[in-house]
Amino acid sequence: MSKNLVYLLPVLLLSCVESDNTDAQTGVLPNILWIVGENFKLDLGIYGAKNVHTPNLDSLARNGLRFTHVFATSPVCAPSRSAFMTGMYQTSTDTHNMRSHREDDFRLPEGVRPITHHLQDAGYFTANITHIGDKEVGTGKLDLNFVNEGPIYQSDDWEALKENQPFFAQINTPEAEYDIYDRKSAEKDRVRWVGEEWHPQIATIENVSPPPYYPDHPITRAEWARYLNSVSGMDVRVGWILDKLRQDGLANNTIIVFFADNGRLEARGIHWAWDTGLHVPLVIYYPDALEAPPQYQKGAENSQVISLLDLTATTLWMADIPRPPLMQSRLFLGEAADPARTYAFSARDRIDETVLRIRSVRGQRFHYLRNFNAGAGFPTLNRYKEKCFLVKPLMRTLHAQGQLTGAALDLMQSRPPEELYDTLLDPHETVNLAGDSAYEGTLRAMRTALNTWIVETGDLGMYPEPEEIVVPFVDEMHAWFGTPEWVMEEY
């Protein structure tokens, strides 16, 4: 049996979800707008974050529904996006390795399609917006691990939306990348503009408190402040988008969905399967003119466990489109919503030249991780991380000098085969409970859940990529970011 078809067997039992989401008051289908923050955790004021200024998203959440336990299926963009754009785990469709299948004849398995193709078939106009007038609001980023499915969107023009309703539009905000890519050639800071407005500078080296798994050092504080200010800058763009919706008379018939594609842009966040790499914000806003689902209460908080994968089926439901029978995405809104998840499952596989396999099971409180590569951990070489996240070489230096202690010292060790964290008592996930007999029952239950998920979803991560696929990524990343001196002999 082809490995691309393994996923089919366990999901054949899924049935279509009947949908009737035509608005009763207007008799027309709603517009749907995805605002996608790139590389953010729950670092908004409405979630309790400090040293950020996010009035636009905070207002959207106060007038909408805010979700607190949503987890990406991957801690990096391309696999995560490949999942929520199809409603299938990336590990089931062979899209789990970072930026794979860009230059081959790969096609998605039979029956798996981008969400926009379903929407277009139902009469929706689809757009991936980059500008509103002369203001850059989005990057147009797709970054999918499939490129042979035909055009994903029909337009990138905001002005086309008003005359092409109902529409489904995505805006991928650029702000969380801040200045790290400048470091490919030079280690520098720069003044950041957001259109004609100053990038908000709320966080400073003096007022931030980096998490305990980093050393308290000026470099760490500067990195942390830059990230938080990028959150504030992203909110400025969101304000432009919301203002334009109102100005164009589109606000009363547009459902707004704000979420992040994966977790935080920090050295221990993106790429890693701790909460820092997987835990993402989600806010859904229904205007008063549209009939909202029964789960929707304005200004409420929803704490059920949701996989970001579930956004696919739920968005189709908003558009009155039944869930395709093979889709793994679950429905979390509407009269026919699926039962709430017990766990959200996530996977990390090859990212750039770094071959690591990690699996994550996240419940309401506890988080279980399984590491399949003995001896690997935070210090494992990734050239992009070494060059763009200054705290990583800093920690190598301090570790060599014997100056790291506590959680920062522990982070420099190889990861054990299993990790278990109580995220309520230990939100930074620094105390591994996997060896504590008091938690044996929890560990056993989550271990079993992962074993079952691997089999039922046909996890393709067990099949290593051929060396001829991986080696070019080593050369590419060396060309882009260089190779640290401490590994030049190896290289």
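Above this text is the structure in question.
Residues numbered from 1 in each chain as written. Predicted model: local features only at pLDDT ≥ 70, side-chain atom pairs only at ≥ 80, totals over all residues. Heavy atoms only, no water.

**Description of the packing of helix α2 (residues 55–62) against helix α5 (residues 218–247)**
So, step 1. For the pair α2 and α5, the least separation of the axes is 7 Å and the interaxial angle reads 60°. Judged by the inter-axis angle, α2 sits oblique to α5. Counting all contacts with α2, which are made through Pro 55, Asn 56, Leu 57 and Leu 60, the residues of α5 involved are Met 234, Asp 235, Val 236, Val 238, Gly 239 and Leu 242.
So, step 2. Its residues assigned to classes, the contact of α2 with α5 shows seven nonpolar, two polar and one charged. (Axes fitted to C-alpha atoms, helices over the stretch in contact; angles between N-to-C directions. Helix = DSSP H or I, 4+ residues; strand = E, 2+ residues; numbered from the N terminus. Parallel < 35°, antiparallel > 145°, perpendicular 65-115°, else oblique. Contact = heavy atoms within 4.5 Å. Nonpolar A, V, L, I, M, F, W, Y, C, P; charged D, E, K, R; others polar.)

**Thoughts on the pairing of strand β10 (residues 279–285)**
So, step 1. Judged by how many residues are buried, β10 sits mostly within the fold: seven of seven residues are covered.
So, step 2. Across the two faces of β10 the burial is the same, with His 279, Pro 281, Val 283 and Tyr 285 and Val 280, Leu 282 and Ile 284 all buried.
So, step 3. Pairing analysis gives five bridges linking strand β2 (residues 65–71) to β10, with the strands arranged antiparallel. Counterpart to Leu 65 in the pairing with β10 is Ile 284.
So, step 4. Looking at chain direction, strand β9 (residues 254–260) and β10 are connected through four bridges and run antiparallel. Of the residues in β10, the one forming a bridge with Phe 258 is Val 283. (Buried < 20%, exposed > 50% of the residue type's maximum accessible area, 1.4 Å probe, protein only. Pairing = 2+ DSSP bridges.)

**Overview of the nonpolar core**
So, step 1. Among the nonpolar cores identified, the biggest contains 120 residues, and Trp 34 and Ile 284 are the most heavily contacted of them.
So, step 2. Here this core gets twelve residues from one element, more than from any other, and that element is α5.
So, step 3. Sequence-distant contacts of Trp 34, that is, excluding residues within four places in its chain, are made with Phe 84, Met 85, Ile 115, Phe 168, Ala 169, Gln 170, Ile 171, Val 257, Phe 259, Leu 311 and Thr 315.
So, step 4. Counting 16 residues, the second-largest nonpolar core is a separate cluster that includes Phe 345, Leu 443, Ala 449 and Trp 453. (Core = buried A, V, L, I, M, F, W, Y, C linked by side-chain atoms within 4.5 Å.)

**Section: the layout of surface pockets**
So, step 1. Estimated volume of the largest pocket: approximately 700 Å³.
So, step 2. Surrounding the largest pocket, 27 residues form its lining, Lys 41, Asp 43, Arg 264, Pro 427 and His 428 being those nearest its centre.
So, step 3. Every element with two or more residues in the lining of the largest pocket is listed here: β2, α5 and α6 (275–278).
So, step 4. Looking at side-chain class alone, the lining of the largest pocket contains ten nonpolar, ten polar and seven charged residues. (1 Å grid on protein atoms, 1.4 Å probe; cavity = no way out; pocket = protein on both sides within 12 Å on 5 of 7 lines; lining within 4 Å. Points joined across faces, edges and corners; volume = space filled by probe spheres on them.)

**Here's the deal with the environment of Tyr 214**
So, step 1. Of note, Tyr 214 is situated in the loop between β8 (197–198) and α5.
So, step 2. Expressed as a C-alpha distance, the spacing of Tyr 214 and Leu 404, which sit 190 residues apart in the sequence, is 8.9 Å.
So, step 3. At a separation of 2.5 Å, a polar atom in the side chain of Tyr 214 contacts the side chain of Glu 266. (Polar contact = N/O pair within 3.5 Å; in protein donor to acceptor, adjacent residues only side chain to side chain.)

**Overview of the environment of Phe 146**
So, step 1. Within the fold, Phe 146 resides in the loop between β4 (135–136) and β5 (155–157).
So, step 2. The spatial distance from the C-alpha of Phe 146 to the C-alpha of Ser 82 is 7.5 Å, given a sequence separation of 64 residues.
So, step 3. For Phe 146, the contacting residues outside a window of four places in its chain are Ser 82, Thr 86, Thr 95, Phe 106, Leu 108, Pro 114 and Ile 152.

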